[in-house]
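Now for the letters of each chain:
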Amino acid sequence: MTTHMTRRNALLSAVAAPVAGAALAAATAATAQENEPSMPKSTPAIPQYRRFTLGDMTVTTLLAGTMPMADPHGTFGLNASDGEFTALSEANFIPADRSLNGFTPVLIETADAKILFDTGLNSDGILAALEAAGLDASAITHVVITHMHGDHIGGLMGESGPTFPNAAYITGQVEWDYWSQAKNETFEAKVRPLEDKFSFIGPDDEVVPGIKAMEAYGHTPGMLAFWITSGAQEFALTADTANHYVWSLQRPDWEVRFDMDKEKAKETRDRILKRIADARVPFIGYHMPFPGLGFLRAKDEGYEFIPASYQFNLPEQA
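Keep in mind it's a predicted model, so treat the numbers as computed, not measured. Think of each chain on its own: its residues are numbered from 1, step by step along the sequence as written. Per-residue local features are limited, in this predicted model, to residues with pLDDT of at least 70; the limit for side-chain atom pairs, both in listing and counting, is 80 or more; totals at the level of whole chains, interfaces and linings are taken over all residues. Each side-chain value is derived from all of the structure's non-hydrogen atoms; neither hydrogens nor water enter the calculation.

### A few points about the sheet that holds strand 1 (residues 49-54)
Right, on to step 1. Reading across the sheet, the seven strands line up as 1-2-5-6-7-10-11 and stay open at both edges, with mixed pairing between neighbours. Only two strands of the sheet have a single partner each, and these edge strands are strand 1 and strand 11 (198-201). Sheet twist, expressed as the average angle between the axes of neighbouring strands with direction ignored, equals 20 degrees.
Right, on to step 2. Whether two strands pair depends on DSSP finding at least two bridges between them. Numbering of helices and strands runs from the N terminus, with a helix taken as a DSSP run of H or I at least four residues long and a strand as a DSSP run of E at least two residues long. Two elements, strand 5 (residues 106-109) and strand 6 (residues 114-117), share four bridges in a ladder whose sense is antiparallel. Across the sheet, the residue bridging to Leu 107 is Leu 116, located in strand 6. Where helices are involved, their axes are fitted lines through C-alpha atoms of the stretch in contact, as for all axes, and angles between N-to-C directions lie from 0 to 180°.

Laid out in structure tokens, this is it:
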């Protein structure tokens, strides 16, 4: 039987060919999907360090660990309504019912010293971050503890002893006086064995030239923040002055469960955050989104966190 290709048949064939091809491709893909094992879902990855220079100093932020948090309104905004908390969260594109907390120790290297500020929850976390950054714990010359909460002192000691065997240790005198008599289990396990190696400072004292302590009381009785100057450049280490980039910065009057003196902590936020914003200097917050580095811009009744982008990757001007 002979088939005559008319213009109508030709048009129908042209339409049918891609349709048939698409159907065959879909069937083949479906068969392959049925016969092949499904790929496991990838775990989100966060870099463990960020390094930049400030004047003559090298600064490295270290991600010593993260921890998911359920019911963040049980920690942040204790004096805010559920509606207020949800509205602010939605306005900033974050969920109101869960969050991710990060722990960011900071290493400052000068010509003569390697100074680590805080140590994370445990020795494994801080050692992993240091290794990722190509750094050796035995080379740390000073460890500065901003305050004695467990996520700042937990990395001081490991199973085999001190994590930083060659370091001198520094903390605030007011902070030490409180925790040394508080009978706190983590303090006794992580800090007390190093007591003979500690020295103590107060507000306006320097760790080394250019790194000056600031009073940041309230979160704990004697927490210290630090204002760092190198040449014509400045920046701040705020420790736990603000514990979240939205709920604590945009609403500095919102109470935080872990602030031991909530009114004093609010006064500290008002004073330190205003100084940073007015001076337009960068700051590193221990619980800011990693790498923890950014700027503050006054907004409504608080401040907007502006994450650092390429400012610290630009080559020096000739």
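### Some remarks on the side chain of Thr 238
Right, on to step 1. As for its placement among the helices and strands, Thr 238 is situated in strand 14 (residues 233-239).
Right, on to step 2. Relative accessibility decides the category of a residue: with a 1.4 Å probe and only protein chains considered, values under 20% of the type maximum give buried, values over 50% give exposed, and everything between is partly exposed. Residue classification places Thr 238 among the buried residues on the basis of a relative accessible area of 2%.
Right, on to step 3. Residues count as neighbours in contact if any of their non-hydrogen atoms are within 4.5 Å of one another. Thr 238 has contacts with Met 223, Ala 225, Ile 272, Ile 276, Phe 283, Ile 284 and Gly 285, leaving out every residue within four places of it along the chain.

### Remarks on the packing of aromatic side chains
Centre-to-centre distance and the angle between the planes together describe a pair of aromatic rings.
Right, on to step 1. Aromatic rings from Phe, Tyr and Trp, taking only the six-membered ring of Trp, are treated as a pair when their centres fall within 6.5 Å; an angle between ring planes under 30 degrees marks them as stacked, one over 60 as edge-to-face, and anything in between as tilted. One pass over the full model with this rule turns up 15 aromatic pairs.
Right, on to step 2. Aromatic side chains Phe 52 and Phe 312 sit 4.9 Å apart centroid to centroid with 50 degrees between the ring planes, which places their arrangement in the tilted category. You can see Phe 52 sitting in strand 1 and its partner Phe 312 sitting in the segment after strand 17 (302-307), a full 260 residues away along the chain. Grouping residues by exposure puts Phe 52 and Phe 312 together as buried.
Right, on to step 3. The criterion for a charge sitting over a ring is simple: Lys NZ or Arg CZ within 6 Å of the ring centre, and within 35 degrees of the ring normal. A cation sits over an aromatic face here: Arg 275 above Trp 227, 3.8 Å from the ring centre.

### Points about the environment of Phe 283
Right, on to step 1. With respect to the helices, strands and loops of the structure, Phe 283 is situated in strand 15 (residues 283-285).
Right, on to step 2. Residue contacts for Phe 283: discarding those within four places in its chain leaves Ala 236, Thr 238, Leu 249, Ile 276, Met 288, Gly 292, Leu 293, Gly 294, Phe 295, Leu 296 and Phe 305.

### Notes on the nonpolar core
Right, on to step 1. Here, nonpolar core means buried Ala, Val, Leu, Ile, Met, Phe, Trp, Tyr and Cys residues that are tied together by side-chain atoms lying within 4.5 Å of each other. Membership of the largest hydrophobic core comes to 27 residues, with the highest contact counts inside it found for Ile 108, Val 207, Ile 211, Phe 226, Ile 228 and Leu 237.
Right, on to step 2. Sorting the residues of this core by element identifies strand 1, strand 2 (57-62), strand 5, strand 6, strand 12 (211-215), strand 13 (224-230), strand 14 and strand 16 (293-299) as the ones contributing at least two each.
Right, on to step 3. When residues of this core are assigned to their parent elements, the largest contribution, three residues, is made by strand 13.
Right, on to step 4. Sequence-distant contacts of Ile 108, defined by excluding residues within four places in its chain, comprise Met 57, Thr 58, Val 59, Ala 113, Lys 114, Ile 115, Phe 117, Ile 211, Ile 228, Phe 235 and Leu 237.
Right, on to step 5. Within the second largest apolar cluster, 25 residues are counted, among which are Leu 107, Ala 137, Leu 156 and Ala 167.

### Re a negative patch on the surface
Right, on to step 1. Patches were defined on residues exceeding 30% relative accessible area and lacking a salt bridge, with like-charge contacts within 9 Å and nonpolar side-chain contacts (Val, Leu, Ile, Met, Phe, Trp, Tyr) within 5 Å. Areas reported as accessible are Shrake-Rupley estimates using a 1.4 Å probe. Residue values count occlusion only from the protein chains shown. Salt bridges are identified by distance alone: a Lys or Arg side-chain nitrogen within 4 Å of an Asp or Glu carboxyl oxygen. Think of it this way: Lys and Arg go in the positive column, Asp and Glu in the negative one, and His and the chain ends go nowhere. Charge placement uses NZ in Lys and CZ in Arg. For Asp and Glu, CG and CD serve respectively. A contiguous patch of negative charge on the surface is contributed by Asp 253, Glu 255, Asp 261 and Glu 263.
Right, on to step 2. By the secondary structure assignment, Glu 255 is in the loop between strand 14 and helix 7 (262-279).
Right, on to step 3. Owing to a relative accessible area of 30%, Glu 255 belongs among the partly exposed residues under this scheme.

### A look at the sheet that holds strand 12
Right, on to step 1. Taking strand neighbours across the sheet as the criterion, the six strands line up as 12-13-14-15-16-17 in an open arrangement whose pairing is mixed. Since the sheet does not close on itself, it has two edges, and those belong to strand 12 and strand 17, each with one partner. Strand-to-strand twist across the sheet, computed as the mean angle between neighbouring axes with direction ignored, equals 35 degrees.
Right, on to step 2. Examined bridge by bridge, strand 13 and strand 14 share five bridges and lie antiparallel to one another. Bridge pairing in strand 14 places Ile 228 opposite Phe 235.
Right, on to step 3. Each of strand 12, strand 13, strand 14, strand 15, strand 16 and strand 17 touches helix 7; the most contacted strand, strand 12, lies at about 140 degrees to it.

### Let's talk about helix 2 (residues 82-91)
Right, on to step 1. Listed in full, the buried residues belonging to helix 2 are Phe 85, Leu 88 and Ser 89. For helix 2, the buried positions fall inside an angular range of 100 degrees around the axis, keeping them on one side. Exposed residues on helix 2 whose side chains face more than 90 degrees from its buried face are Glu 90 and Ala 91.
Right, on to step 2. One or two steps after helix 2, the chain reaches Phe 93, where phi turns positive at roughly 65 degrees. The arc refers to the directions leading from the helix axis to the C-beta atoms.

### Considerations on the environment of Asn 166
Right, on to step 1. By the element assignment, Asn 166 lies in the loop between strand 9 (161-162) and strand 10 (168-172).
Right, on to step 2. With 29 residues separating them along the chain, Asn 166 and Ala 137 place their C-alpha atoms 8.5 Å apart.
Right, on to step 3. Discounting residues that sit within four places of it in the chain, Asn 166 has contacts with Ser 138, Ile 140 and Thr 141.

### Notes on the side chain of Glu 175
Right, on to step 1. Within the secondary structure, Glu 175 sits in helix 5 (residues 173-179).
Right, on to step 2. This buried residue, Glu 175, is left without a salt bridge; Lys 264 holds the nearest opposite charge, at 13 Å.
Right, on to step 3. Polar contacts here mean pairs of N or O atoms no more than 3.5 Å apart (in protein, one a potential hydrogen donor and the other a potential acceptor; neighbouring residues in sequence count only if both atoms are side-chain atoms). Of note is the side chain of Glu 175, whose polar atom sits 2.9 Å from the side chain of Thr 220.
Right, on to step 4. Not counting residues within four places of it along the chain, the set of residues in contact with Glu 175 comprises His 147, Met 148, Thr 220, Pro 221, Gly 222 and Met 223.

These figures capture arrangement, not role.
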